[in-house]
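A look at the structure
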Amino acid sequence: MAKVWVYAERDGQGNVDPAALEILTKAKSLGGDVEAVILGAGATDAAKELGQYGATTVHASDDAVYDDYLVLPHVQALASLCEQHSPDAILFAMNYDSRDIAGRLSARLGSTLMSNAMDIEGTETAKTAIFGGAQIVDVKLEGSPKLVLFRPKSFEAKAAGGEATVASVEVEIPEDAKKSKIVERHEEAASGPKLEDAPVVISGGRGLQEPDNFKLLDDLASAIGGAAVGATRAVVDAGWVPYAMQVGQTGKTVKPGVYIAVGISGATQHVVGMKGAKKIIAINKDEEAPIFQLADLGIVGDALKVVPQLIEEIKTRKG
Amino acid sequence: MNIAVCVKHIPDPNLPPEMDGDTLKREGVQGVLDPGDEFGVEAALQLKEQHGGEVTLVSMGPAQAMEAIRRGLSMGADKGVLVSDDSLKGSDALVTAKVLAETIKKQGEFDLIITAVESTDGYTGTMAATLAEFLGLPQVTFVKKIEGSNGAIKVDRQTADGYHVVESSLPALISVTAGVNEPRYASFKGIMAAKKKPVEELSLSDLGLSGDDVAVKQSIAQMAPAEERKAGEVIEDDGTGAAKIADFLKEAKVI
């Protein structure tokens, strides 16, 4: 029976990354032995939650070395755990630290690493989409352990109510692994509903022409009510809005009921983060924009005209 | 500060991709220096301007990839090295990292290695970390601001909720985001000068690697077009666009 491990990252507040719970749920459905690894202050406490989503054993360490230094200690711990327990596969969410940890493990263990996976069958093949989702590829996994990085929201997390045994991770972290130290942490507070959870997401791109016009999207979001505002990499890179608002390959993956793309051309980078939306509305001046190939409703027109009209229209209809 | 920048020649991302069997067609198609790599070249040039040293461009790809190196040289990099070998066709991130690591080791000592966060064509996003591991260097990915000094760097690293300030000893590897700087244009003088700058061309055997060392273990079992979203309605805005969207939102029970 296959032994499948899930590496669970935690967010800035120390909560278990929701994507780890999604992947645990999937791992459990594969029918093998499911174990999890979680590292850093508070890890042991988090083991309970991981148990509820399917881990029977949680390898945990509360050592702050995993919070203070970038990835080298984590790679050391995982490599050493692999030596002791020989898992058949380690599954990760495609997050900042995990991709680096998995990337380094790939070199250290000589295992292949599958990136951007969206599904897995047994522990033999994983599915991914290429060319912005136009082609689905089944990739045969090789090596031991097999390493797979899943895009967030690839699976639905379901608690099954199990209980996990905590196995304390006792790995000596050499000084050599303490070369990149986190010295300050800054959070860019986002207002309004969370992008990942909002039923409606409105995102803006270069077509909004200037940063001030993002306010239009905020107004539209409040007119609709409960909508979150996102952005493309292009405008985040240009410094118009904070990174926390970025939807796409690097950035957040969203699957709202309705996604409204305003002044967005539809680059692969962006599309992989939003194509899971149930309904897509696009407003763009350029009728050739690739976003229209995904849109359920496409309006070829000037966003700066259409959006204010839409806000008025919604206000009128809502009375 | 001696810096190596990894650059990739990719099929023009503005044109539809063409396949060559299971892999992306890279030869005989119009290509460019990966736009994401221009930020790495620019970051290296700025560090060189502040601290002195040399900027070396390192690339793996078909002979045509020389165009990407020339482009980086015309921006101001000092020299380049290109690894080309038929057996490297279709390489994955693991193999690419292994080959680039051997190439970088052969070029001498570097204080800093710079890559993009991910390539625009393959976007696996793991090559930087894998390369750092092969080189035995610490790495900081998703860097959006760099301060270099003697023997160490201080960088801002993007996170899901903001950013962290990270200090790392040198030598190290960093991957830079597109927000890190504004890449300079190549001047006419720069383009002319680039033609005279040294570029070394290496094959796999020059690196002491064999075909077995670079065999790709990952293979494609099956490929199929994705289920397409049902073609929607695209209409020219004649003043009624907003009302159409409102109707749509009402039907979706959003308003």
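Please read all numbers here as calculations on a predicted model, not as lab measurements.

Take the overall build of chain B next. For chain B, the helix and strand inventory stands at six helices and 15 strands. Overall, the C-alpha framework of chain B stretches about 65 × 40 × 40 Å when taken along its three principal axes. Per-residue burial over chain B gives 50% buried out of 255 residues.

On the chain B side, the residues contacting the 72 residues of chain A number 62 residues. Ranked by residue count, the leading element in the side of chain A that touches chain B is helix α5 (residues 96-109) of chain A, at nine residues. Split by residue class, the side of chain A that touches chain B holds 31 nonpolar, 20 polar and 21 charged. The sheet contact formed by strand β10 (residues 180-187) of chain A and strand β11 (residues 162-169) of chain B spans seven bridges and is antiparallel. The residue of β11(B) that forms the bridge with A:I182 is B:V166.

Attention shifts here to helix α6 (residues 241-251) of chain B. Those residues of α6(B) that fall on the buried side of the exposure criterion are B:G241, B:A242, B:K244, B:I245, B:A246, B:F248 and B:L249. Of the surrounding secondary structure, the elements contacted by the buried residues of α6(B) are β13 (258-262), β14 (279-284), β15 (297-300) and α9 (303-318) of chain A together with β15 (233-236) of chain B. Of the residues one or two after α6(B), B:K253 is the one with positive phi, at around 60°.

Moving on, we come to the packing of helix α4 (residues 72-85) of chain A against α5(A). If you want to describe how two helices pack, look at the angle between their axes and the distance between the axes. All names here are of chain A. Following both chains from N to C, one finds α4 and α5 inclined at 50°, their axes separated by 10 Å at the closest point. One finds that α4 runs oblique with respect to α5. Crossing of α4 against α5: the hand is right-handed. Only I101, R104, L105, R108 and L109 of α5 make contact with α4, whose side of the interface consists of H74, V75, L78, A79 and C82. Class assignment of the residues belonging to the contact of α4 with α5 gives a composition of seven nonpolar, one polar and two charged.

This next bit is on the sheet that holds strand β7 (residues 135-140) of chain A. With mixed pairing, the 10 strands of this open sheet are ordered in space as β9(A)-β3(A)-β2(A)-β1(A)-β4(A)-β8(A)-β5(A)-β6(A)-β7(A)-β14(B). In this open sheet, the two strands that pair with only one neighbour each are β9 (165-168) of chain A together with β14 (219-225) of chain B. Pairs of neighbouring strands in the sheet enclose a mean axial angle of 35°, with direction left out of account. Two elements, strand β4 (residues 89-93) of chain A and strand β8 (residues 146-150) of chain A, share five bridges in a ladder whose sense is parallel. Within the sheet, the bridge partner assigned to A:I90 lies in β8(A) and is A:L147. On top of the sheet, helix α2 (residues 43-52) of chain A reaches β1 (3-8), β2 (33-39), β3 (57-61) and β9 of chain A; it is set at about 160° to β3(A), its chief contact.

Among soluble globular proteins, nonpolar side chains are generally buried collectively. Of all hydrophobic cores here, the largest spans 129 residues; its most connected members are A:V6, A:L24, A:I38, A:L50, A:L91, A:V148 and B:V5. The leading source of residues in this core is helix α3 (residues 93-107) of chain B, at eight residues. Not counting the four nearest positions on each side in its chain, A:V6 is found in contact with A:A20, A:I23, A:L24, A:A27, A:V34, A:A36, A:A55 and A:L91. Listed in part, the 59 residues of the second largest apolar core include A:V200, A:M245, A:M274 and A:V307.

Among the secondary structure elements, B:G125 is positioned in the loop between β8 (112-116) and α4 (127-135). Judged by the 26 C-beta atoms lying within 10 Å of it, B:G125 is buried. Distance from B:G125 to B:T141, taken between C-alpha atoms, is 9.8 Å for residues 16 residues apart in sequence. Residues in contact with B:G125, not counting those within four places in the same chain, are A:R99, A:S115, B:V117 and B:E118.

The next thing to look at is the domain arrangement of chain A. All names here are of chain A. As far as domains go, chain A holds domain 1 (3-177) and domain 2 (200-318). Between the C-alpha centres of domain 1 and domain 2 there is a distance of 32 Å. Each partner contributes to the interface: domain 1 provides six residues, whereas domain 2 provides seven residues. Split into classes, the residues belonging to the side of domain 1 that touches domain 2 amount to two nonpolar, two polar and two charged.

Criteria and cut-off values
- Think of each chain on its own: its residues are numbered from 1, step by step along the sequence as written.
- Each chain takes a letter, starting from A, and each ligand takes a number, starting from 1, following the order in which they are written.
- In keeping with the model being predicted, local features are shown solely for residues with a pLDDT of at least 70 and side-chain atom pairs are shown and tallied solely at 80 or more, while totals for entire chains, interfaces and linings include all residues.
- Secondary structure follows DSSP: runs of H or I at least 4 residues long count as helices, runs of E at least 2 residues long count as strands, and numbering of each begins at the N terminus.
- Once C-beta atoms are placed from the backbone, each residue is buried if 20 or more other C-beta atoms lie within 10 Å of its own, exposed if 12 or fewer, and partly exposed for counts between those two.
- Contact criterion: two residues are in contact if their C-beta atoms, reconstructed from the backbone, are within 7 Å.
- Polarity classes work like this: nonpolar for Ala, Val, Leu, Ile, Met, Phe, Trp, Tyr, Cys and Pro, charged for Asp, Glu, Lys and Arg, and polar for all others, with Gly in that last group.
- By this definition, two strands are paired if DSSP reports at least two bridges between them.
- Axis lines are fitted to C-alpha atoms, over the contacting stretch for helices. Their N-to-C directions set the angle, which ranges from 0 to 180 degrees.
- Oblique is the label for any angle not covered by the other classes, which are roughly parallel (under 35 degrees), roughly antiparallel (over 145) and roughly perpendicular (65 to 115).
- Handedness of a crossing follows from how the near helix is turned relative to the far one, being left-handed for an anticlockwise turn of less than a right angle and right-handed for a clockwise one.
- Here, a nonpolar core denotes buried Ala, Val, Leu, Ile, Met, Phe, Trp, Tyr and Cys residues that are linked to one another through C-beta atoms within 7 Å.
- Each domain span listed reflects an automatic or database assignment of domains.

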